[in-house]
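Summary of the model geometry
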Amino acid sequence: MPGTWEAGEGWPTLELRDVAKSFGAVAALRSGTLVVHGGSIHALVGENGAGKSTLVKIVAGVHRRDGGVFRFQGRDVDFGSTAESKANGIAVIYQEPTLFPDLSVAENIFMGRQPLRAGRRIDRARMYAESTALFARLGVEIDPRRPARGLSIADQQIIEIAKAISLDAALLVMDEPTAALSGVEVDRLFAVARSLRDEGRALVFISHRFDEVFDLCDTVTVMRDGAYVSTDAIADTSVDQIVARMVGREVAELFPKTPAEIGDVVLEVRGLQRTGVFHDVSFDVRAGEIVALAGLVGAGRSEIARAVFGVDRYDAGEVRMAGRRVRPGRPRAAIGAGIAFVPEDRRQQGLVVDGSVARNVASVVRGRLDRAGLLTNRMENRAAAPWAGRLEVKTNALDMAATTMSGGNQQKVVLAKWLATEPKLLIVDEPTRGIDVGTKAEVHRLLSDLAGQGLAIVMISSELPEVLGMADRVLVVHEGRITADLSRAEATPESVMHAATGSSAGPPVPATNRQEVKA
Amino acid sequence: MSTITPDAIEVRPSALSPGRRALGTVLRSRELAVALVLVALVALTTTKSSSFLLGSDGWRSLLVNPSILIVLAVGQTVVIVTRNVDLSVGSTLGLTAYLTGRLFLDTGLPAPVVVLVAVAAGAGLGLVNGILVAFGKVPALVITLGTLYIYRGIFLSWAGSDRVNAGDIPSDFLRLGTAQVLTVPVLTIVALVVLGLVGYHLQTARSGRELYAIGSDPDAAVLYGLPVARRVLFAFMVSGALAGLAGVFYVARYGTVSSNAGLSIELQAVGAAVIGGVAIFGGSGTVWGASIGAALLVTINSALPVLGISDFWQRAVVGALILAAVVLDRVLSARQARRLAVARDVGPGHLVIEPNAGAGDKEAAR
């Protein structure tokens, strides 16, 4: 349907006003507003958890909004499925690629709308030719016949982009499309985005990289804590202004890491390698120290942590706790050596969600509690009570099921469970993901206290303010390698971001300079 | 904006040459591997007893025996590629076989109508499975295990101690079980036509490819906007309809239908698909492979006695085949994943690009 995206009718292509969406008790989006016109590239920025992805998923038809106005091309719409959103001319590139690993690259692009020949049979030759043409436009060479399995994250992202472009959509939403791309690929993507804009289409671009936002976009909308903050023309604003609006508070207030006495080396990792995942990873963590593993999603941070804890095997290197080698591939050995691991997905990997708080807290130390092989609820309660008290787990009773609690309290239960093992090293993966702002600060204070008591902490986090506020030292991971080891003083948003995107070779460019380049 | 230098375009490892790719496909082709095992088995057995292949009776049984299992394995494959499984096909076969017999006995309908009714009845039973799986959001393993017993129960309470005998069936229809065209039994021809139609559809129609997509990653299929529930429903209907056809085959071939008709044949159907390279977690495998797997399973059962191998070992050999197939899949996919990972690390991929090349381009463009 050529021409349907043409602007000039007066209405914006996309109009969202005061859109709300809750998941259970958690309000992911309180009042989202976004108005995008044809012929414009509109940036949507905000911290992780500001509600951008939820907004995108409402536009895409993945979620249905609870309230608010949603208009597309001037008509009120309410998409019940992604198919509906697609049929209306909306293409979405999600943050994490969603591909079919068993199918060919070309089929991944055209699934559901493959070119047909006589008798409604799929015209493979044309499908391959069109894929190749799309890749040529993006300036890459990917064999359209190969299976999607085994493609690098960057290549997967390029296939997502090719897929979205081939949809010929009136609105193209890109949720952090550049996170895994190299400089050349980003340039190519931007060239394509500009040409789509010049055709009169509307584009929404979500990114944490301000240089890209200022390079590509003409308008910017800021969101914070699930609500709309402001919309400005890029020319009328600056990075500092946007950052201030995004954060809306002093970073130091939010993340109160108190200085702790740094003790002896607790964890030594030497030359750790898992082929194709991470390489030559070496670092130390000392008692009382919080070391952050920063980097982009998919850089290999969680994989490193899982290998250290023994969930995954590694091909080379070694892990030492207090000078003694930890047997690889055995979580039990890691627990015995004093390592505790709070995984990213607490509902799936950290908690028995249907079990009581007491059972969850006592689950790792159960072996020490039983008497003649029997374990009573009373023993579990007795073991759990002090920890639940110390972490201020808000629960009516230790018998309450963990599933009824808020995300922040669930996280505390998982922490309590591991602290009951009296570890020397605590690894936490995204400790505050999906937790509301108030509880976040509590989790941070807790981690800070624990470090103060001499616990060594490795914290994986994708939230830059959290990393900068909490960490004594920042290790930046890029494509499976540690590309920077920054002290608290050296760690700035720029230095971490440069190392995380693999552009650290040059001297860090101050934010002000970059704005001048743009102007 | 920025001009891309020739160096920058070569950021990706080039594809394999077409020749090597073709060779790789042949080497990795499960269909070919299983077919070779089948040929070797037939050849070996024939050297032991030449009538196994060369006798007119041997030739005929070799072709006609697998026809029922081929039809079932084709249906099973359609379901398995969507990351589901249909365990009720054995009961469906029994029920539709008995239905076929009763229709001849009680109504005197012409044979083509009887066949259509039986196939439609099978499709209806498949539809029930499909609705429960697609909308009930309960794993197919549990649903079809339940309907396996329910369908068999319906069959038992309907038939009671009654059975259909060859004498009740019109002899014209029974002749179908023995009729041949150019020495090829008619049932085999029908099975191969079904195989061809389903295989062609799965490979060349959008809805066929969508079945593979759904099995490959169900969540992604939802994000793509594919009609997941409708396709899964369709897959179970196809499986049910083919089980109904298999029930018709059963009557034509054996004439008698007792209460244990099709008992536990669903496991053979799943086994045939797995041996033929259909991934049990969906997303890959072909009906060609599954039907060669079915032919291999059936042929082993008749070949091993000729080779003088005892009954106990016959079952063990089938089990070993299934395990070997699964282990082979696992080893091959682990090796491929490793190869791809190494290729990504050492190949002229992203890591080798000068970190500042992109930034430099940007600067130059301004």
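Here the structure is a predicted model, which is why all the values come from computation and not from measurement. Residue numbers restart at each chain and count upward from 1, following the sequence in its written direction. A letter from A marks each chain and a number from 1 marks each ligand, given out in the order of writing. It should be noted that, the model being predicted, local features are given only for residues of pLDDT at least 70 and side-chain atom pairs only at 80 or more, the latter also being counted only at that level, while totals for whole chains, interfaces and linings use all residues.

1. Regarding the overall build of chain B
- Starting at the N terminus, helices and strands are each numbered in turn, a helix being any DSSP run of H or I of at least four residues and a strand any DSSP run of E of at least two. A tally of helices and strands in chain B yields 17 helices and 2 strands.
- Neighbour counting defines burial: a residue surrounded by 20 or more other C-beta atoms within 10 Å of its own C-beta is buried, one with 12 or fewer is exposed, and intermediate counts give partly exposed, using backbone-placed C-beta atoms. Of all 366 residues assigned to chain B, the portion counted as buried reaches 42%.
- Each residue is represented by a C-beta atom placed from its backbone, and any two residues with such atoms within 7 Å are regarded as in contact. Counting only contacts in chain B whose residues sit at least 6 apart along the sequence, the fraction spanning at least 24 positions is 79%.

2. Quick word on the packing of helix α7 (residues 111-136) of chain B against helix α13 (residues 228-254) of chain B
All names here are of chain B.
- Fitted lines through C-alpha atoms give the axes, limited to the stretch in contact for helices. The angle between two N-to-C directions lies from 0 to 180 degrees. Their axes nearest at 6 Å, the elements α7 and α13 cross at an angle of 145°. Handedness of the crossing formed by α7 with α13: right-handed.
- Residue composition of the contact of α7 with α13, grouped by class: 20 nonpolar, 8 polar and no charged. Two helices cross in a left-handed way if the nearer one is turned anticlockwise from the farther one by less than a right angle. They cross in a right-handed way if the turn is clockwise. Residue polarity follows a fixed list, in which Ala, Val, Leu, Ile, Met, Phe, Trp, Tyr, Cys and Pro are nonpolar, Asp, Glu, Lys and Arg are charged, and the others, Gly among them, are polar.

3. A few points about the nonpolar core
- Ranked by size, the top nonpolar core spans 161 residues in total, and within it L69(B), V71(B), L72(B), A73(B), V74(B), L242(B) and A246(B) carry the most contacts.
- At 18 residues, α13(B) tops the list of elements feeding residues into this core.
- Counting residues in each nonpolar core, the second largest holds 68 residues, with L293(A), V326(A), M459(A) and V474(A) among its members. Put simply, a nonpolar core is a cluster of buried Ala, Val, Leu, Ile, Met, Phe, Trp, Tyr and Cys residues tied together by C-beta atoms within 7 Å.

4. A word on the sheet that holds strand β21 (residues 473-478) of chain A
All names here are of chain A.
- The strand order β18-β19-β20-β15-β21-β22 describes an open sheet built from 6 strands, whose pairing is mixed. Of all strands in the sheet, those with a lone pairing partner are β18 (339-342) and β22 (481-487), marking the two edges. Averaged over all adjacent pairs, the angle separating strand axes in this sheet is 20°, with direction ignored.
- At least two DSSP bridges between two strands are needed for those strands to be called paired. Strand direction decides the pairing type here: β21 and β22, joined by 6 bridges, are antiparallel. Each residue of the ladder has a partner; that of R473, found in β22, is S487.
- The strands touched by helix α10 (residues 301-309) are β15 (290-295), β18, β19 (425-429), β20 (456-460) and β21; relative to β19, the strand with the most contacts, the crossing angle is about 145°.

5. Digging into the pairing of β21(A)
Residue and element names in this part refer to chain A.
- Counting buried positions along β21 gives 5 out of 6 residues, so the element sits mostly inside the fold.
- For β15 and β21, the ladder comprises 5 bridges, and the chain directions are parallel. Along β21, the bridge assignment pairs G295 with V477.
- Following β21, the chain reverses through 2 residues before pairing antiparallel with β22; E479 in that reversal takes a positive phi of roughly 45°.

6. Re the confidence of the model for chain B
Residue and element names in this part refer to chain B.
- This prediction gives chain B a mean pLDDT of 83; 85% of its residues lie at or above 70.
- Mean pLDDT across the secondary structure elements of chain B bottoms out at helix α17 (residues 357-365), with 35, and peaks at helix α5 (residues 67-80), with 96.
- The low-confidence segment residues 1-15, where pLDDT is below 50, has 30 contacts with residues more than four positions distant or belonging to other chains.
- With pLDDT under 50 throughout, residues 346-366 is counted as low confidence; its partners more than four residues away or in other chains account for 41 contacts.
- Note on the complex model: pTM 0.74, ipTM 0.80. The predictor attaches a confidence to each residue, and that confidence, scored 0 to 100, is pLDDT.

7. Description of helix α4 (residues 124-138) of chain A
Residues and elements named next belong to chain A.
- Between its first and last C-alpha, α4 extends 21 Å over 15 residues, near the 21 Å set by a 1.5 Å rise per residue.
- For α4, the complete set of buried residues consists of M127, S131, L134 and F135. The arc that holds the buried residues of α4, viewed along the axis, is 95°, so those residues lie on one side. Projecting away from the buried face of α4 at angles above 90 degrees are the exposed residues A125 and A136.
- Immediately beyond the C-terminal end of α4, within one or two residues, lies G139, with a positive phi of roughly 70°. Given a helix with a known number of residues, its expected span is that number minus one, times 1.5 Å. Each direction from the helix axis to a C-beta atom contributes to the arc, which is the arc of those directions.

8. Details of the sheet that holds strand β17 (residues 324-325) of chain A
Residues and elements named next belong to chain A.
- Strands sit in the order β14-β13-β16-β17 across an open sheet of 4 strands; the sheet is antiparallel. For this open sheet the edge positions go to β14 (278-286) and β17, each flanked by a neighbour on one side alone.
- Where strand β13 (residues 265-274) lies against strand β16 (residues 316-321), 5 bridges are found, and the strand directions are antiparallel. Residue pairing across strands places V269 opposite V319, the latter belonging to β16.
- Contacts from α10 reach β13, β14 and β16, with the element oriented near 115° to β13.

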